[in-house]
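# Inside the fold
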Amino acid sequence: MKRSLLAATLLLAACGGSADHAPPPRPPNVLLITIDTLRADRLNAESMPNVMAFAAKATRFTNARAVVPLTEPSHTTILTGALPARTGVHVNGVVPASPEKTIAGVLHDSGYRTGAFVGAYVLDRRFGLSIGFDTYDDRVTRDPSGSPRLEAERRGDHVVDAALAWLPQDNGRPFFAWIHLYDPHAPYEPPPEYLGRARGRPYDGEVLFADAQVGRVLDWLTTSGQDRRTIVAITGDHGEGLGDHGEETHGMLAYDSTLRVPLVIRTPNRDPATIEAPVSLVDLAGTLLDLAGIAVPSSMHHTPVLSGSRDVYAETQYPRAAGWHALTALVDQRWKLIVSSETELYDLQNDPGESHNLAGDRTSIASSMRARAAELAKATNAAESKTSQEIRERLRSLGYVASPAAAGDADDAPNPADQIYAWNTFERELSKLTSGDAARALPGLGKLARSSPDAAVFQSTYARALKDTGRVRDALDVYRRAVARWPQDATLYHDLAVAAAAAGRPQEAARAEQAALAIDPSYASAANGLGLVEASNGHADEAARAFERAVRGDPTNAVYWTNLGNARRDAGNSPGAEEAYRTALEHDPRSADAANGMGVLLVQRNRSADAIAWFERALAGDDMFADAHLNLGIAYQESGQREKAAEQYRRVLALAPPGSKPWSAATSLLANVSR
Ligand SMILES: [Zn+2]
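Cut-offs used in this document
Along each chain, residue indices are assigned from 1 in the same order as the chain's sequence is written. The model is predicted, so local features are restricted to residues of pLDDT at least 70 and side-chain atom pairs to those at 80 or more, both for listing and for counting; the totals for chains, interfaces and linings are taken over all residues. Counting from the N terminus, the helices are DSSP H or I runs at least four residues long and the strands are E runs at least two residues long. In this treatment the radius of gyration is a C-alpha quantity, and the globule benchmark scales as 2.2 Å times the residue count to the 0.38 power. Working definition of burial: number of other C-beta atoms within 10 Å of the residue's own, with buried at 20 or more, exposed at 12 or fewer, and partly exposed in between, all C-beta atoms being placed from the backbone. Domain boundaries shown here were taken from an automatic or database domain assignment. Axes here refer to lines fitted to C-alpha atoms; in helices the fit is confined to the stretch in contact. Angles between the N-to-C directions go from 0 to 180 degrees. Should an angle lie under 35 degrees it is considered roughly parallel, over 145 roughly antiparallel, and from 65 to 115 roughly perpendicular; all remaining angles are considered oblique. Here is the rule for handedness: rotate from the far helix to the near one, and if that takes an anticlockwise turn smaller than a right angle the crossing is left-handed, while a clockwise turn gives right-handed. Contacts here follow a simple rule: the backbone-placed C-beta atoms of the two residues must lie within 7 Å. Only Asp, Glu, Lys and Arg are considered charged, only Ala, Val, Leu, Ile, Met, Phe, Trp, Tyr, Cys and Pro nonpolar, and every remaining residue, Gly among them, polar. Scored from 0 to 100, pLDDT reflects the predictor's confidence in each residue. In this analysis, the expected span of each helix is defined as 1.5 Å times one less than the number of residues it contains. Any two strands with at least two DSSP bridges between them are considered paired.

Moving on to the overall build of the protein. The secondary structure content of the protein amounts to 28 helices and 13 strands. Relative to its length of 675 residues, the protein is compact, with a C-alpha radius of gyration of 27 Å against a globular reference of 26 Å. For the C-alpha atoms alone, the extent of the protein along its principal axes is close to 90 × 60 × 50 Å. When the 675 residues of the protein are sorted by exposure, 52% land in the buried category.

Now for the domain arrangement of the protein. Reports of interface size often rely on the accessible area that becomes lost once the parts have come together. Here the protein is partitioned into domain 1 (30-298), domain 2 (390-521) and domain 3 (590-675). Of note, the centres of domain 1 and domain 3, computed from C-alpha atoms alone, are 47 Å apart.

What follows is about the packing of helix 17 (residues 472-485) against helix 18 (residues 490-502). Interaxial distance between helix 17 and helix 18 falls to 9 Å at its minimum, and their mutual angle equals 155°. Comparing the axis directions of helix 17 and helix 18 gives the class roughly antiparallel. Judged by the twist between their axes, the crossing of helix 17 over helix 18 is left-handed. Here helix 17 contributes Val472, Ala475, Leu476, Tyr479, Arg480, Ala482 and Val483 to the contact with helix 18, which in turn contributes Leu492, Tyr493, Asp495, Leu496, Ala499, Ala500 and Ala502. Its residues assigned to classes, the contact of helix 17 with helix 18 comprises 12 nonpolar, no polar and 2 charged.

We now examine the confidence of the model for the protein. Across the protein, the average pLDDT comes to 90, with 91% of residues at 70 or higher. Note that pLDDT drops below 50 for residues 1-20; the model gives that stretch 35 contacts with residues more than four away or on any other chain. The model gives residues 303-308 a pLDDT under 50, and that stretch makes 9 contacts with residues more than four places away or in other chains.

Here the focus is helix 27 (residues 642-655). Each α-helix winds once per 3.6 residues, and so residues spaced three or four apart point in a common direction. Here helix 27 is 14 residues long and its end C-alpha atoms lie 20 Å apart, about the 20 Å a rise of 1.5 Å per residue gives. Buried residues in helix 27 make contact with helix 26 (626-638) and helix 28 (661-674).

The subject of this paragraph is the sheet that holds strand 11 (residues 327-331). Read from one edge to the other, the open sheet built from 4 strands follows the order 10-11-12-13, with strand pairing classed as antiparallel. Each of the sheet's edge strands pairs with one partner strand only, and the pair in question is strand 10 (312-316) and strand 13 (343-347). Going from strand to strand, the sheet's axes swing by 15° on average, the running direction of each strand aside. Relative to strand 11, strand 10 is paired through 5 bridges, and the arrangement is antiparallel. Considered in strand 11, the bridge of Tyr313 is made with Leu330.

Residues Ala186 and Pro187 are joined by a peptide bond in cis, for which omega reads 0°. The topology assignment puts Pro187 in the loop between strand 5 (175-181) and helix 7 (192-197). One non-glycine residue, Thr37, adopts positive backbone phi at about 60°. Classification of Thr37 by C-beta neighbours within 10 Å gives buried; the count is 27. A positive phi angle, near 60°, is found at Asn606, a position not held by glycine. By secondary structure assignment, the location of Asn606 is in the loop between helix 24 (592-604) and helix 25 (608-621).

Listed below in structure tokens is the structure:
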């Protein structure tokens, strides 16, 4: 049997450990902590005092690398022990068609209780990593508009609070816990105390804060005595550029500033060690199972192509969004290869900063490594391409030109390393746009869109800025050209639909949402968008079906559940509506829309007195909600409380624009109640 390098080296390193300890009475607990966006060089006593103190008693890997410098694909590989070629998850936001078994699933089947506590929406359960977990705590606050941003985050102290509430619930079974701390990811906004301790460096302040949260978990392990029976792994999902090679953040390049991460593994009763050989996080899940004495499934540990090789593979396909070449990388004991439309080869022994490209001098090393990297990059998951024919038929029936997508890269697509400054400009303009300043972002984004016609993400972001500055027609034109140019990009169709709806073109909006759903059937935002169009056309049944699809795709989205409740209510399905509103309130107890919906259902059932509390709850969530004031007034009036009713109607007149529906209703009701 082939054993992964990581497991092999770890076990070798452990040979010197104490040999004569009694076998544990039950399988050991396994605790995995991933800290997002954590550079390898931050594992030092100043930046991470808690993890450093822990590492002194553990096995520390000084040469560990992530497989993808992006959160979702990296975690997918960490938890499944499989490369992206197998999982199909190469970039963020992907819902895998047939998710691979994770370490949680294996341990769950072996009798473990399993819990995950994640700090960012990009790891929401809908992206396939929740399978095998009894508890998957992904309570990350959503955008009130219901269109979730992948970057939405929950602070590490709240994540650890949730984990520390779950960990002690010992029921005689060992636990597997995964804790994900997103804090060091941009934007860097550490609590002031940590910013001060990091001497004003915001990224380092976030790292210190994350380290403090890890410290709380490690303290619990010690005080509870569980440290004697728990295998602990602490790592990062990728690093951060911080200006190295011109890269500010991560994902676009494949240099070691974003690929190398800390890795520390502690197994009870093993002596501390340091491993300097290159290792990959793809081998982490299998290694942890090995250490726990549990059989590793065949889907885990990628089989080295050349037996005995010590190849560490990495990749990023993110540059394709900008029309640039994807990158694959390979690291062995001495060399690192990066392949795009160009070949880069670095001698890591003598040039760890990857600044002297030796590909032209060391051609045989480069070509041998190229062949090995290409083998590891090859898709092994047939599901990825099998449906494209059906999709093209469906798109054609909706009236879109559906040429086959140009899979992969054009030979002359630029090396992203040469374009990184354009990318930095883009990220700066994008952050203006997402912080609500579309007018200031528009000129820069327009310039980028004109200079890079091959960059889908530049076109769509420019269009979004046009829409946000009120130029909806212009936005629509850009989106129409974009879907003609990239007919397989579901996101572009959805964005087109949102712009079409804003431009008062519901037919076009519905057609575009259907196209998005043809490409990605689990695309919840598109299903929700389709439901909104159907609802505005008065098609309550069709709307309810679309919203049902949206909540299947994104089951914890309170806005989608509320929309479903409204559509079912309009369709006359009162019990179904109540169920949907109650589910919405479970996921977002402050949802004003859902509470208002519950109240309306009670009024319709002639239970106005009971409805009052629901409308009050809606107004506690949003006091400017004119409809809820109107409904509260009606509920008071029907319960015989005329003074209170009049007061609510007057609030509506102050809040709602004159001539609007609630304003007109309040006007006539007020006249009526004052009579
Ligand atoms: Zn990440």
